[in-house]
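Chain residues, written in single-letter form:
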Amino acid sequence: MLGAMAEQRATVDPRRLPRGRHGLLPGAVVENQRQRLIHAVPPVVHEKGFIAMTVEDLAGRAGVSRKTFYENFHDKRDCFLASYRQHARELAAVVESASAVGNDWAERTRSALAALLRFLAARPDVADMGVVELMAAGPEALAERDRLVASFAALLGDEALEAAPVRVPRLMLETIAGAIWQLIYAAVLTGHAEELEQLLPTFMYMVLVPMHGPEGAASRAQLVPALE
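What you see is a predicted model, and the numbers here were worked out from it, not measured in a lab.

A few words on the nonpolar core. Looking at soluble globular proteins, one finds that nonpolar side chains tend to be buried together. By size, the foremost hydrophobic cluster in this structure holds 65 residues, and its most contacted members are L58, F80, I184 and L196. For this core, the secondary structure elements donating two or more residues are α2 (26-48), α3 (55-62), α5 (76-98), α6 (105-122), α7 (124-132), α8 (139-163), α9 (170-189) and α10 (200-220). Sort the elements by how many residues they give to this core and α6 lands first, with 10 residues. The contacts of L196, once residues within four sequence positions are left out, are L117, L120, A121, I184, A187 and V188.

Below is the structure:
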């Protein structure tokens, strides 16, 4: 029974249900409503911001009643965090898949960062929700932000430290991850989320410079023509 419910939940389409009989079990209807609310968060918070966003805004965008909203979520913050976490899992899956592509850690890191930026650039509303508006959603949301920055450091990982021609302290990875987050934040905050992919050479330079120095990093990051 649990397996059947999980399979049904996985195939729920977050669009509005058709009028009249639709043949879905009650559990699938509930999950459909929940998913519609989750998918309503990015466009609503992108338009209004977390502080101004209301339960009525989310329910109206999702096409459900206020009563249905409170059957699924405690308040708007609860719904916001559920949406953030679901989209973060989608992003993590994309980045993890990309991080397996490449002949060495630098190529794999480039592939992973490219996937990260491509995902956010394609969904500026999700980028705004997960990078900028997350900061306004309270302590629990800030803890999510800290976990995100930590995941950037983990993206570089032990392989980068082991491959470095000079000793690089682990703290450097956390510093680079924080700088990456800040540059993404600045781009999204100023309405340039769709241009995020242009930051890839800069990010790779930041990753490589502790190991290869300014000139070597600039060449490997493709900020300048390859050194002869």
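Our focus in this paragraph is empty space enclosed by the protein. One pass over the structure, following the stated rule, counts one cavity of 30 Å³ or more. In this model, the largest cavity occupies a volume close to 150 Å³. Taken together, 15 residues form the lining of the largest cavity, with Y84, L91, L120, G130 and L148 sitting closest to its centre. At the level of elements, α5, α6, α7, α8 and α9 are the ones that each hand at least two residues to the lining of the largest cavity. Partitioning the lining of the largest cavity into residue classes produces 13 nonpolar, two polar and no charged.

This paragraph deals with the packing of α7 against α9. Between α7 and α9, whose axes approach to 10 Å, the crossing angle comes to 130°. When the axes of α7 and α9 are compared, the pair comes out oblique. When you trace α7 past α9, the crossing you get is left-handed. Contact residues: α7 offers A127, D128, G130, V131 and V132, while α9 offers W181, I184, Y185, V188 and L189.

A few words on the environment of R118. Topologically, R118 is positioned in helix α6. The partly exposed category is assigned to R118, whose relative accessible area is 44%. Counting along the chain gives 82 residues from R118 to L200, while the straight-line C-alpha distance between them is 9.9 Å.

A word on the pattern of salt bridges. All chains considered together, the criterion is met by nine salt bridges. In this structure, K48 and D57 form a salt bridge, with 2.8 Å as the shortest nitrogen-oxygen distance. Overall, the relative accessible area of 21% leaves D57 in the partly exposed class. Put simply, K67 and E71 hold a salt bridge, and the shortest N to O gap is 2.5 Å. One end of the pair, K67, and the other, E71, are both in helix α4 (residues 66-72), four residues apart, so they sit about a helical turn from each other. K67 gets classed as exposed once you look at its relative accessible area, which sits at 59%. Each of the salt bridges in this network shares a partner with another, and the network as a whole consists of R85, E140, E144 and R147.

Within this structure, the stated rule accounts for three aromatic pairs. Relative to F80, the ring of F50 lies with its centre 5.2 Å away and its plane at 70°, an arrangement referred to as edge-to-face. Placement of F50 in the loop between α2 and α3 and of F80 in helix α5 is noted, with a sequence separation of 30 residues between them. Both residues of the pair, F50 and F80, count as buried. Plain terms: the ring middles of F69 and F73 are 5.8 Å apart, the flat faces sit at 45° to each other, and that makes the pair tilted.

Moving on, we get to the side chain of N32. Counting through the fold element by element, N32 comes out in helix α2. N32 sits in the buried class, given a relative accessible area of 2%. Only 2.7 Å separates the side chain of N32 from the side chain of R36, close enough to count as a polar contact.

Definitions and limits used
Residues numbered from 1 in each chain as written. Predicted model: local features only at pLDDT ≥ 70, side-chain atom pairs only at ≥ 80, totals over all residues. Heavy atoms only, no water. Core = buried A, V, L, I, M, F, W, Y, C linked by side-chain atoms within 4.5 Å. Buried < 20%, exposed > 50% of the residue type's maximum accessible area, 1.4 Å probe, protein only. Helix = DSSP H or I, 4+ residues; strand = E, 2+ residues; numbered from the N terminus. Contact = heavy atoms within 4.5 Å. 1 Å grid on protein atoms, 1.4 Å probe; cavity = no way out; pocket = protein on both sides within 12 Å on 5 of 7 lines; lining within 4 Å. Points joined across faces, edges and corners; volume = space filled by probe spheres on them. Nonpolar A, V, L, I, M, F, W, Y, C, P; charged D, E, K, R; others polar. Axes fitted to C-alpha atoms, helices over the stretch in contact; angles between N-to-C directions. Parallel < 35°, antiparallel > 145°, perpendicular 65-115°, else oblique. Left-handed = near helix turned anticlockwise from the far one by under 90°. Salt bridge = Lys/Arg side-chain N within 4 Å of Asp/Glu carboxyl O. Phe/Tyr/Trp six-rings, centres within 6.5 Å; stacked < 30°, edge-to-face > 60°. Polar contact = N/O pair within 3.5 Å; in protein donor to acceptor, adjacent residues only side chain to side chain.

Function cannot be read off these values alone, since they describe shape.
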